[in-house]
Amino acid sequence: MRPSVFSTTGTDLIDVVTPRHSLLSGRFKQSFAYIALQARMPGIMQQVINTLRFREYDLEDLYGEEVHKDVRMIIESIERLKGELQRDRQFQLFHGNEPDKAEWNAFLSELPRPKRSFFRASWLHAECYLYRRISSFFENSRHLQNFDYFADLKKEDLQISGRAIRCLTEATRGLSKDFESFSQLMRINLWSNHYEIQLNAFIFDAPQDHKNIDVLARVADLDKRLLVDDSLLVWNCLMKAKGEKQIIVDYICDNGGFELFTDLLFIEYLIDHELVTQVRMHVKAIPWYISDVLRHDIEWTIKYLKDYNIEIISTLGKKLERLMSEKRIVIAPLSHFWTGPQSYFVMVDSNIELYRFLTKAQLAIFKGDLNYRKLLGDYIWDSTEEFITCLRGFRPTNICAMRNVKCEVICGLPEGCADHLLKVDPTWMISGSYGVIQYTDSLKCKCDGQDSACSLTLKTSPL
Ligand SMILES: O=P(O)(O)OC[C@H]1O[C@](O)(CO)[C@@H](O)[C@@H]1O
């Protein structure tokens with residue numbers, strides 16, 4: 001039984017699927033957003049509590065007995081947050097040491113009152129707010145400000161993927177510079193987003209004979225579920241830049257663990273073949289959506305590969321370390337925008353520095369489902385709507401999205417495709433079994449978003 005608070009008037013919960021042309025929201029009781037808020041988020045919060053209890057005595061070794069107070073305070077705060085979610089309470093402002101407090105509070109204060117509670121708000125806002133609140137409990141503790149409570153999961157994900165790591169490392173040495181290899185690597189990278197944390201790495205398992213690996217061919221099987229493949233357009237975009245002194249790719253990361261490993265393989269290819277001069281990896285500033293990459297995940301992953309007891313893998317680790325020290329791969333300056341609640345079309349107004357930063361790149365690659373939701377504004381577009389339209393003017397540079405479909409947000413499909421998929425696989429939008437690689441040109445102008453009359457800075461939708 002839902003608590004009685006749900007029977008208030010206004011924007012009540014309704015027993016329907018998410019209607020076309022609306023924002024995803026827990027209001028729609030037959031939506032994935034509703035299930036995620038009702039069941040999944042409390043589970044994730046419990047998982048954080050369990051991690052704290054499990055690690056409490058390690059933490060005591062690190063920080064002394066005082067840490068128990070922090071642990072108690074954080075667990076109580078998470079329990080309270082669970083209650084707020086369950087009762088669909090209003091979002092609260094932040095009052096502590098959060099570095100992005102001002103931006104969050106401005107955002108929350110401007111939300112219309114009926115859209116300021118967990119189930120009535122847009123799902124994107126509610127979900128981001130929950131992850132932000134959880135982090136704030138740690139940030140406001142005495143000893144655990146920098147504790148990444150999801151770190152063990154990310155590490156474990158890489159540790160259990162040994163066979164897949166070996167197999168892919170072997171299969172990707174000495175690849176030639178051609179569209180076929182480029183596109184295969186892109187697709188490997190795309191499908192790794194399906195498995196993310198606790199992946200079933202078996203799909204990339206090598207046959208017994210490690211010398212004769214055709215792992216890339218295995219990807220072809222998954223490719224049957226690739227609904228849009230713009231990898232040729234991405235390749236052409238990089239080809240067009242050939243000869244330029246500086247070719248930068250901004251890589252907006254998603255998950256750590258095995259997915260990050262495949263990101264690094266793809267980035268290595270881009271650099272080896274001089275398709276780019278520098279890759280700037282954008283990571284999250286706080287623990288985010290369980291498995292998202294933080295700065296220390298990249299450092300840990302490279303060290304893990306470097307220390308591997310199989311030479312080909314440790315050589316790869318050393319090479320990645322060198323590419324970082326040569327600044328061919330860099331970690332972009334941290335931006336709290338990536339862990340904010342906002343869709344990307346508002347970036348030009350709310351974070352012009354980041355927008356301008358992206359304009360310096362030849363290409364920005366956005367990985368994963370959450371980035372896709374933010375690119376499309378967490379909105380149910382017609383499935384055939386063009387990618388470029390759905391970006392609503394967010395065009396700081398050429399944009400590529402690589403994403404496994406994990407929620408109802410989608411665009412750019414051929415006519416009839418969504419209806420067909422619904423018939424053959426009713427869970428196609430949430431299973432993560434389908435993927436898209438979508439691309440659009442920026443049609444860059446010279447103003448870098450500084451000229452308010454520039455059409456690229458105008459938002460084209462009344463949403
Ligand atoms: O790691 P990814 O691909 O961004 O996926 C996480 C996303 O998937 C979801 O589970 C949607 O189904 C959301 O919680 C979140 O947007």
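This is a predicted model, so every value here is computed, not measured.

In this section: the overall build of the protein chain. When helices and strands are counted, the protein chain shows 17 helices and seven strands. Looking at the protein chain as a whole, 46% of its 463 residues are labelled buried. Pairs at least 24 apart in sequence give 79% of the contacts found in the protein chain among residues at least 6 apart.

Let us now look at the environment of Arg20. In this fold, Arg20 is placed in the segment before helix H1 (32-63). Given 11 C-beta atoms within 10 Å, Arg20 falls into the exposed group. A sequence separation of 369 residues divides Arg20 from Thr389, and the C-alpha atoms of the two residues are 16 Å apart.

On to the site of the ligand, then. Gly368, Asp369, Leu370, Lys406 and Cys407 are the nearest of the 13 residues found near the ligand. The element contributing the most residues to the shell around the ligand is helix H15 (residues 368-375), with four residues.

Ranked by size, the top nonpolar core spans 122 residues in total, and within it Val249, Leu270, Val279, Ile365 and Cys400 carry the most contacts. Residue-level mapping places this core at the junction of two domains, with at least three residues from each of domain 1 (4-149) and domain 2 (153-457). If we skip the residues at most four places from it in the chain, Ile365 touches Val249, Tyr251, Ile252, Cys400 and Met402.

This part is about the confidence of the model for the protein chain. Taken over all residues, the pLDDT of the protein chain has a mean of 89, while the share at 70 or more is 88%. With pLDDT under 50 throughout, residues 196-214 is counted as low confidence; its partners more than four residues away or in other chains account for 42 contacts. Segment residues 455-463: pLDDT under 50, and 16 contacts once partners within four positions in sequence are set aside and those in other chains are kept. If you check the scores for this complex, the pTM reads 0.91 and the ipTM reads 0.97.

Our focus in this paragraph is the sheet that holds strand E4 (residues 329-331). Whenever strands of a sheet pair, they do so through backbone hydrogen bonds, lying parallel or antiparallel. Taken in spatial order, the seven strands make up an open sheet running E1-E7-E6-E5-E2-E3-E4, and their pairing is mixed. Sheet topology places strand E1 (226-229) and E4 at the edges, where each strand pairs with a single neighbour. Averaged over all adjacent pairs, the angle separating strand axes in this sheet is 15°, with direction ignored. Contacting strand E2 (248-252), strand E5 (363-367) and strand E6 (398-404), H15 crosses the sheet at an angle of about 130° to E6.

Our next topic: the pairing of strand E7 (residues 435-440). With six of six residues buried, E7 is to be regarded as a mostly interior element. Note that E1 and E7 share three bridges and pair parallel. From the neighbouring strand, Leu226 faces E7, where its bridge partner is Gly435. Where E6 lies against E7, six bridges are found, and the strand directions are antiparallel. Along E7, the bridge assignment pairs Met402 with Ile437.

Moving on, we get to helix H10 (residues 258-272). The end-to-end C-alpha distance of H10 is 21 Å, a good match for the 21 Å that 15 residues give at a rise of 1.5 Å each. For H10, the buried fraction is high: 14 of the 15 residues fall into the buried class. Glu274 sits one or two residues past H10 and shows a positive phi near 55°.

Position of Met281 relative to the elements: it lies in strand E3 (residues 278-282). Judged by local crowding, Met281 falls into the buried class, with 21 C-beta atoms found within 10 Å. Sequence spacing of Met281 and Ile35 is 246 residues, and the spatial spacing of their C-alpha atoms is 32 Å. Discounting chain neighbours no more than four positions away, the residues touching Met281 are Tyr251, Cys253, Ile298, Ile329, Ile331 and Ala332.

The parts lose accessible area when they come together, and the size of an interface is often stated as this lost area. Here the protein chain is described as being made up of domain 1 (4-149) and domain 2 (153-457). Contacts between domain 1 and domain 2 engage 23 residues on the former and 20 residues on the latter. Of the residues assigned to the side of domain 1 that touches domain 2, the class counts are 12 nonpolar, six polar and five charged.

The backbone of His21 shows a phi angle near 60°, a positive value even though the residue is not glycine. Mapped onto the elements, His21 comes out in the segment before H1. The phi torsion at Tyr289 lies on the positive side, around 45°, for a residue other than glycine. When you line up the elements, Tyr289 lands in the loop between E3 and helix H11 (295-306). By the C-beta count within 10 Å, which is 20 here, Tyr289 ends up buried.

The rules behind each value
- Sequence order as written defines residue numbering, which begins from 1 separately in each chain.
- It should be noted that, the model being predicted, local features are given only for residues of pLDDT at least 70 and side-chain atom pairs only at 80 or more, the latter also being counted only at that level, while totals for whole chains, interfaces and linings use all residues.
- Helix and strand definitions here come from DSSP, where helices need a minimum of 4 consecutive H or I residues and strands a minimum of 2 consecutive E residues; each element is numbered from the N-terminal end.
- The burial criterion counts other C-beta atoms lying within 10 Å of a residue's C-beta, which is placed from the backbone; the residue is buried at 20 or more, exposed at 12 or fewer, and partly exposed between these limits.
- Distance between backbone-placed C-beta atoms decides contact: two residues are in contact if it is within 7 Å.
- Any residue whose C-beta atom, as placed from the backbone, lies within 6 Å of a molecule or strand is termed near it.
- Remark: nonpolar core denotes a set of buried Ala, Val, Leu, Ile, Met, Phe, Trp, Tyr and Cys residues whose joining runs through C-beta atoms within 7 Å.
- These domain limits were set by an automatic method or by a database of domain assignments.
- pLDDT expresses, on a scale from 0 to 100, how confident the predictor is about each individual residue.
- Strand pairing is assigned whenever DSSP identifies at least 2 bridges connecting the two strands.
- Interaxial angles span 0 to 180 degrees and are taken between N-to-C directions of axes, which are lines fitted to C-alpha atoms, for helices over the stretch in contact.
- The span one expects for a helix is its residue count, reduced by one, times 1.5 Å.
- Polar here means any residue other than Ala, Val, Leu, Ile, Met, Phe, Trp, Tyr, Cys and Pro, which are nonpolar, and Asp, Glu, Lys and Arg, which are charged; Gly is therefore polar.

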